[in-house]
Amino acid sequence: MSIKEWVVDYSKGDNLSKFWKLFKRRNNTKSRILKQILTFRCSRLAHKHGGYIGNGAEIMGIPSLPHGLHGIYISRYASMGSGCRIYQNVTIGEINRKAPRIGDNCFIGAGAIIIGDIMIGNDVKIGAGALVTDNVADGCTVVSKPAEVFIKSKDDDEKKPADDTGRTRNIKLSKRWLTENVKSSDRSFLNYMKGRCWIELDKEALRFNVDELKKALPENCQLMPAVKAEAYGHGGVMMAQELNRMGVKSFCVASAAEGAQLRRNGIIGEILVLGYTHPEDFYLLTEYNLIQTVVDYAYAEVLNEYGRKISVHIGVDTGMHRLGERCENRVDLCNIYRMENLYVAGLFTHLSADDTTEPKDREFTKKQSDAFYGVIRFLKSRGLPCPKVHLLASYGLVNYPELAGDYARIGIALYGVLSTKKDTENCRIPLRPVLSFKARIAAVREVYCGENVGYGTEYVAQRDMKTATLAIGYADGLPRSLSNGVGSVIIKGKKAPIAGLICMDQTIVDVTDISDVKAGDVAVIIGRDGDEEITACDLAEQAGTITNEILSRMGSRPERIWAEESEEKE
């Protein structure tokens, strides 16, 4: 077989297994010469046209068909696993087509990149850009700016902008794409996103909080917003992108996957992974330029054995006993610096009692601070650099700003609340809630005295009443503990108590005393309507938890949109 025939053959097959083995071997090799040879071979394979993935193919895990793999045909019956990324002129579903296609009668404009989070119904015609079918698993990456969606009528060939009727019901639009790219004059898309339940985000409130928090920072200290857990339920990418626009260039997340997601969506600056990363995911640290926390000395050894340079911040355990090398183990801390594949970019600790200023908590916080800065002084005395040090989080900045540091890892405060209602009301830093949570009323019905409402027989109507069923449930983040009148929502400026048990996808409320309630109306779960307001702190108090949990447990189903770009659809 000639070299050319071998290369062509190598780029074809039912699952490109040869390519992925070569690609993985290239990433893992420590030999510079071998890596150069494998890089050349991978590049040759990637640039060959006409590759084929057959009907029974399975592409699982998180492979990436790199830039330059043009014209590859992927059968519509192939199975693509989570996290796949495919670039440039890929054909899915039809063969012998110059323009990419998805399934029957679905056209994607020339040059489109096809992978993402969008379901496309039959006969939908898309301009040049990127979209994806529901045949592709969640977690794929769109690497292009999509164009507007057009629908081709069966009666004529004219392009008609999509509205909120007919076949557009089959289109699930990318949340990130819509919030960034839909023109303010085209409200049908935004109204579609508000068809069930949704989260509205206030840019001005976010900017206000950033400005106020910056004023409160110690000298030479910078914000390092915590955008973990989807930015406490607000939407990690959306928050980070807006913070980037405000000049914030440092972030912290819980996992390497969260950091990688931010990088894939254009986030620049430092991204610190606060938690554990499995060795199988170490490649994310180098591929996406992430900073990994050293959770203890043994973990530092594992990181070092990976064989590639990794930037780290050393976690120092000063009394929380969660993560970090114990502050007493100074020899081990010094030895981490001597590991050839680790670049120590900073050190930090976490204060475990900074949420109060009670004497015992103040004393404990001072002990933690003294222990941390004692480690820093010791390392510097040994000639070991400590480029960045940090120990303040939201409560630390509010209650103990004198403890200073190079960063303040602000989480819950950035989003306009603290963990409890009392703390929020007494906070010395003025803050504004960024998030409102709303749901659509699906149905209104009469319930007669003595009838049961919802699951079980716990809730029995004590009178003839009128109920409204909301398109929101505990799977969307509404705590089930608010059932049976513990919690309420706001409809038409009045409180409506929750009737019966909250379901996974629906919630029933009592609207007997609210006039003219109808299907399609909006209920406010968190936010203000008229003179009434329900805060995340209220929900947390009623549910017996903290606002951090209420916000961060909001699921992926509620759409997230900027409130300034929203227009209420009554």
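It should be noted that the structure appears before, not after, this text.
Residues numbered from 1 in each chain as written. Predicted model: local features only at pLDDT ≥ 70, side-chain atom pairs only at ≥ 80, totals over all residues. Heavy atoms only, no water.

Sheet topology places strand β13 (residues 250-253) next to strand β14 (residues 270-273); four bridges connect them, and they run parallel. Looking at β14, one finds that Cys252 is bridged to Leu272. In this view, the connection linking β13 to its parallel neighbour β14 by way of helix α9 (residues 256-264) has right-handed handedness. Relative to strand β15 (residues 291-294), β14 runs parallel, the two being bridged by two bridges. By the bridge assignment, Leu272 is partnered in β15 with Ile291. Between β14 and its parallel partner β15, the chain crosses via helix α10 (residues 282-287), and the hand of that crossover is right-handed. (Pairing = 2+ DSSP bridges. Helix = DSSP H or I, 4+ residues; strand = E, 2+ residues; numbered from the N terminus. Right-handed = clockwise from strand over helix to strand, strands pointing away.)

Moving on to the side chain of Asn209. Along the polypeptide, Asn209 turns up in helix α6 (residues 203-216). Engagement of the side chain of Asn209 in a polar contact is seen with the backbone oxygen of Arg432, the distance being 2.8 Å. Non-local contacts of Asn209, meaning those with residues more than four positions away in its chain, are made with Ala413, Leu414, Tyr415, Gly416, Pro430, Leu431, Arg432 and Val434. (Polar contact = N/O pair within 3.5 Å; in protein donor to acceptor, adjacent residues only side chain to side chain. Contact = heavy atoms within 4.5 Å.)

On to the packing of aromatic side chains, then. To describe a pair of aromatic rings, you give the distance between the ring centres and the angle between the ring planes. Counted under the stated rule, the structure contains five aromatic pairs. Relative to Tyr299, the ring of Phe282 has its centre 6.2 Å away and its plane inclined at 75°; by these criteria the two rings are edge-to-face. Of this pair, Phe282 sits in helix α10 while Tyr299 sits in helix α11 (residues 297-305), and the two are 17 residues apart along the sequence. Judged by its relative accessible area of 5%, Tyr299 falls in the buried class. Seen in terms of ring centroids, Phe282 and Tyr306 are 5.6 Å apart; in terms of plane orientation they differ by 80°. Their pairing is edge-to-face. On the criterion of sequence distance, the pair formed by Phe282 in helix α10 and Tyr306 in the loop between α11 and β16 (310-317) is long-range, its members being 24 residues apart. Tyr306 carries the same exposure label as Phe282, and that label is buried. Within the aromatic cluster, the residues linked to one another by ring pairs are Tyr276, Phe282, Tyr299 and Tyr306. Taking NZ or CZ as reference, Lys203 lies 5.2 Å from the ring centre of Trp562, over its face. (Phe/Tyr/Trp six-rings, centres within 6.5 Å; stacked < 30°, edge-to-face > 60°. Buried < 20%, exposed > 50% of the residue type's maximum accessible area, 1.4 Å probe, protein only. Lys NZ or Arg CZ within 6 Å of the ring centre and 35° of its normal.)

So, on to the side chain of Asp510. Inspection of the secondary structure puts Asp510 in strand β25 (residues 507-510). Polar side-chain contacts of Asp510 include one of 2.6 Å to the side chain of Thr512. When residues no more than four places from it in sequence are discounted, the contact partners of Asp510 are Tyr459, Arg463, Met465, Lys466, Ala496, Pro497 and Ala499.

Moving on to the state of the cysteines. Counted under the stated rule, the structure contains zero disulfides. With no disulfide of its own, Cys334 has Cys386 as its nearest cysteine by sulfur position, at a separation of 9.4 Å. (Disulfide = S-S within 2.5 Å.)

Pairing is possible between side chains that carry opposite charge, provided their charged atoms lie close to one another. In the structure shown here, the tally under the stated rule is 19 salt bridges. Two residues, Lys366 and Asp370, come together in a salt bridge whose shortest N-O distance is 2.8 Å. Linking Lys366 with Asp370, this pair stays in helix α13 (residues 359-381), spanning four residues, or about one helical turn. Beyond isolated ion pairs, a larger network of salt bridges with shared partners links Arg196, Asp476, Asp505 and Arg557. (Salt bridge = Lys/Arg side-chain N within 4 Å of Asp/Glu carboxyl O.)

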